[in-house]
Amino acid sequence: ELSEQKRWDGKWRILIFDIPEKMRGKRDLFRKELREFGFYPLQKSVWVYPYYLPQDFFDLWEDMKFGQQVVLVEANSIKEDYEIRNFFGFR
């Protein structure tokens, strides 16, 4: 697992991606990496993570050369986040 820090700062990191079908192999690998990293799959192309993301995570993103196809949003809240909080063990 790439992430070392496990103290939640109350912010959600929301990763949104639109990777074309012609890059399906990379897209599937990216989803696998997100799952292994500990992200929660909110939708097929929208994943959520509650912790600080270290540089090695962004290095992976760069190595895959996704550029504008991947967007990271940092949010203070997600409406109806009970299932997400439960996934990460937050009450």
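This text follows the structure it describes.
All of the points below concern the structure found in this document. Nothing here was measured: the structure is a model prediction, and the numbers come from that model. (Residues numbered from 1 in each chain as written. Predicted model: local features only at pLDDT ≥ 70, side-chain atom pairs only at ≥ 80, totals over all residues. Heavy atoms only, no water.)

Within the structure shown, the criterion is met by nine salt bridges. In this structure, the salt-bridge partner of Glu-74 is Arg-13, at a minimum N-O distance of 3.6 Å. With Glu-74 in strand β4 (residues 70–75) and Arg-13 in strand β1 (residues 12–17), the pair connects residues that are 61 residues apart, well separated along the chain. Since its relative accessible area comes to 4%, Arg-13 is described here as buried. For the salt bridge of Glu-21 with Arg-27, the shortest nitrogen-to-oxygen distance reads 3.1 Å. Classification of Arg-27 as buried rests on a relative accessible area of 11%. Through salt bridges with shared partners, a single network forms among Glu-21, Arg-24, Arg-27, Asp-28 and Arg-31. (Salt bridge = Lys/Arg side-chain N within 4 Å of Asp/Glu carboxyl O. Helix = DSSP H or I, 4+ residues; strand = E, 2+ residues; numbered from the N terminus. Buried < 20%, exposed > 50% of the residue type's maximum accessible area, 1.4 Å probe, protein only.)

Quick look at the pairing of β1 now. Most of β1 is tucked away: five of the six residues are buried. Here β1 pairs with β4 via six bridges, running antiparallel. Paired with Arg-13 across the bridge in β4 is Glu-74. Relative to strand β3 (residues 46–49), β1 is paired through four bridges, and the arrangement is antiparallel. (Pairing = 2+ DSSP bridges.)

All right, on to helix α2 (residues 55–63) then. Listed in full, the buried residues belonging to α2 are Phe-57, Leu-60 and Trp-61. Taken down its axis, α2 places every buried residue within 100° of arc, on the same side. Among the exposed residues of α2, those pointing more than 90 degrees away from its buried face are Gln-55, Glu-62 and Asp-63. Where α2 is buried, its residues touch β1, α1 (24–37) and β4. Positioned one or two residues after α2, Lys-65 has a phi angle of 55°, which is positive. (Arc of directions from axis to C-beta. Contact = heavy atoms within 4.5 Å.)

This part is about unusual backbone geometry. In this structure, Glu-80 is a non-glycine residue whose phi angle is positive, near 55°. Mapped onto the elements, Glu-80 comes out in the loop between β4 and α3 (82–88).

Here the focus is the pairing of strand β2 (residues 40–43). Pairing geometry for β2 and β3, over three bridges, is antiparallel. Looking at β3, one finds that Gln-43 is bridged to Val-46.

Of note is the side chain of Arg-13, whose polar atom sits 2.7 Å from the side chain of Asp-9. One polar contact links the side chain of Arg-13 to the main-chain carbonyl oxygen of Tyr-51, over a distance of 3.4 Å. Setting aside anything within four residues of it in sequence, one finds Arg-13 in contact with Phe-39, Trp-47, Val-48, Tyr-49, Pro-50, Tyr-51, Tyr-52, Leu-53, Leu-72, Val-73 and Glu-74. (Polar contact = N/O pair within 3.5 Å; in protein donor to acceptor, adjacent residues only side chain to side chain.)

Function cannot be inferred from these measures alone, as they are strictly geometric.
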